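# Commentary on secondary and tertiary structure
Below are the chains, spelled out letter by letter.
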Amino acid sequence: MSLIENLQWRHAVKAYDPSKKVTEENLNTILEAARLAPTSSGLQPFRIIVVENQELKEKMMAGALNPEVMRDSSHVLVFAAWDSYSNEKIDKVYDYHTDVRDLPRGRFNSYTDKLKEIYGAQTPEEHFAHTARQTYIALGLAMAQAAELKIDSTPAEGFSNEVVDEILGLKELGLKSVSLLYLGYRDEKNDWLSTMKKVRIPMEEFIIKK
Ligand SMILES: Cc1cc2nc3c(=O)[nH]c(=O)nc-3n(C[C@H](O)[C@H](O)[C@H](O)COP(=O)(O)O)c2cc1C
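With an unreviewed UniProt entry as reference, the chain is termed Nitroreductase, source organism Chryseobacterium oranimense. Listed under Sequence similarities (unreviewed entry) in UniProt, the entry text for the chain is "Belongs to the nitroreductase family." In the Cofactor (unreviewed entry) part of its UniProt record, the chain is described as follows: "FMN".

In structure tokens, the structure reads:
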């Protein structure tokens, strides 16, 4: 099946079959798609926390819009972005880049100096607004890869960031939750959305040609 057909197949599932689990191999493929997402300046300023533990999932349900969707999913991926940029974080990433590419450290100093100047003039709130945006490409790629594997998913912003950050100890890691991706297999009988047509505005309205 083509990517387009799989994207037509997928929908934001509203009920999961708790007895069906995503295999480790498939989970790793989905995570790899997210890891390969491009990010601004290649900084990858976010991490994905994989929650499979049922007790943890149930704790994270507090304040969620669709708590039972979280509970019955196979895995919850938590997309969590850096709470701020710093010179140290930028240097760490670029040292890694030069090491992987067998280049001398400092090879990209003129570029990283510019980044440090730009982010140095911004507040942590502005930093997080930027790092959080970076997560959405990875979220999209993870969802597309899941669909390619015929694994269901639900992207979710309807949850309590405070609860999730607290339970997962994200503050200590310099991270703040942005979105969740529930993974699993739809419960056909209870997933009210699974029989409905997919709705998107027509192409001629969506695309503006100049
Ligand atoms: C960033 C983002 C956040 C979302 N948050 C939620 C959510 O909290 N709960 C939910 O049931 N669906 C959520 N959705 C699903 C959307 O409602 C859904 O993707 C949209 O209506 C299109 O439908 P489809 O994905 O089934 O094609 C979210 C989607 C995105 C992209």
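Resuming the write-up.
## Re the sheet that holds strand S4 (residues 175–184)
Strand order across the open sheet formed by four strands is S1-S2-S4-S3, with antiparallel pairing between neighbours. Two strands bound the open sheet, and with one partner strand each, they are strand S1 (46–51) and strand S3 (152–156). On average, each strand axis in the sheet is inclined to that of its neighbour by 25°, with strand direction left out of account. Where helix H8 (residues 161–168) meets the sheet, it contacts S1, strand S2 (75–82) and S4, and its direction lies at approximately 90° from that of S4.

## Remarks on helix H7 (residues 124–148)
For H7, built from 25 residues, the straight-helix expectation of 36 Å at 1.5 Å per residue is met to within 8% by its first-to-last C-alpha distance of 37 Å. Looking one or two residues beyond H7, the residue adopting positive phi is lysine 150, at roughly 60°.

## A short note on the pattern of salt bridges
When the charged atoms of two side chains with opposite charge come close together, those side chains can pair. Scanning the entire structure with this criterion turns up eight salt bridges. Between lysine 116 and aspartate 91 there is a salt bridge, and its shortest N-O distance comes to 2.7 Å. Of this pair, lysine 116 sits in helix H6 (residues 109–120) while aspartate 91 sits in helix H5 (residues 87–100), and the two are 25 residues apart along the sequence. With relative accessibility at 19%, the residue lysine 116 sits in the buried group. Look at aspartate 91 and you get partly exposed, because its relative accessible area is 28%.

## Some thoughts on the packing of H5 against H6
The packing of two helices is summarised by the inter-axis angle and the distance between the axes. The interhelical angle for the contact between H5 and H6, taken along N-to-C directions, is 155°, at an axis separation of 10 Å. With respect to H6, the element H5 is oriented roughly antiparallel. In terms of crossing hand, the pair formed by H5 and H6 is right-handed. From H5, Asn87, Ile90, Asp91 and Tyr94 reach across to H6, where they touch Tyr111, Thr112, Leu115, Lys116 and Tyr119. Among the residues forming the contact of H5 with H6, the class breakdown is five nonpolar, two polar and two charged.

## Re the site of the ligand
As a structural note, the neighbourhood of the ligand is formed by 13 residues, with Arg10, Ala12, Lys14, Gly158 and Lys198 the closest of them. Between the ligand and alanine 12 there is a distance of 2.8 Å, counted from an oxygen atom to a backbone nitrogen or oxygen. At 2.8 Å from an oxygen atom of the ligand is found a main-chain nitrogen or oxygen belonging to glycine 158. Its free accessible area being 620 Å², the ligand has 67% of it covered by the protein chains. Here the shell around the ligand is built from residues that sort into five nonpolar, three polar and five charged.

## Details of the pairing of S3
Of all five residues making up S3, four are buried, and the element is well covered by its neighbours. Strand direction decides the pairing type here: S3 and S4, joined by five bridges, are antiparallel. Each bridged residue has a counterpart across the sheet, and for serine 153 the counterpart in S4 is leucine 183.

## Details of the pairing of S2
With eight of eight residues buried, S2 lies mostly within the body of the structure. In terms of strand pairing, S1 meets S2 through six bridges, oriented antiparallel. Bridging across to S2, phenylalanine 46 finds its partner in alanine 81.

## Comments concerning the UniProt feature "domain: Nitroreductase" (unreviewed entry) in the chain
As recorded in UniProt, the feature "domain: Nitroreductase" (unreviewed entry) lies at residues 8–185. Measuring from the first to the last C-alpha atom of residues 8–185 gives 16 Å, for a span that is 48% helix and 16% strand.

## Quick word on the packing of aromatic side chains
If you walk through the whole model with that rule in mind, you get four aromatic pairs. Measuring from centroid to centroid gives 5.9 Å for tryptophan 82 and tyrosine 85, while their planes differ by 80°, and the two rings are edge-to-face. The burial state of tryptophan 82 is the same as that of tyrosine 85; both residues are buried. Relative to tyrosine 111, the ring of tyrosine 94 lies with its centre 6.2 Å away and its plane at 55°, an arrangement referred to as tilted. Here tyrosine 111 lies in helix H6 and tyrosine 94 lies in helix H5, a separation of 17 residues in the sequence. A relative accessible area of 38% means that tyrosine 111 is categorised as partly exposed.

Conventions we followed
Residues numbered from 1 in each chain as written. Predicted model: local features only at pLDDT ≥ 70, side-chain atom pairs only at ≥ 80, totals over all residues. Heavy atoms only, no water. UniProt positions renumbered as here; feature names shortened; annotations may be inferred. Pairing = 2+ DSSP bridges. Helix = DSSP H or I, 4+ residues; strand = E, 2+ residues; numbered from the N terminus. Axes fitted to C-alpha atoms, helices over the stretch in contact; angles between N-to-C directions. Contact = heavy atoms within 4.5 Å. Expected span 1.5 Å × (residues − 1). Salt bridge = Lys/Arg side-chain N within 4 Å of Asp/Glu carboxyl O. Buried < 20%, exposed > 50% of the residue type's maximum accessible area, 1.4 Å probe, protein only. Parallel < 35°, antiparallel > 145°, perpendicular 65-115°, else oblique. Left-handed = near helix turned anticlockwise from the far one by under 90°. Nonpolar A, V, L, I, M, F, W, Y, C, P; charged D, E, K, R; others polar. Near = heavy atom within 4 Å. Polar contact = N/O pair within 3.5 Å; in protein donor to acceptor, adjacent residues only side chain to side chain. Areas by Shrake-Rupley, 256 points an atom, 1.4 Å probe, with all protein chains shown as cover. Phe/Tyr/Trp six-rings, centres within 6.5 Å; stacked < 30°, edge-to-face > 60°.

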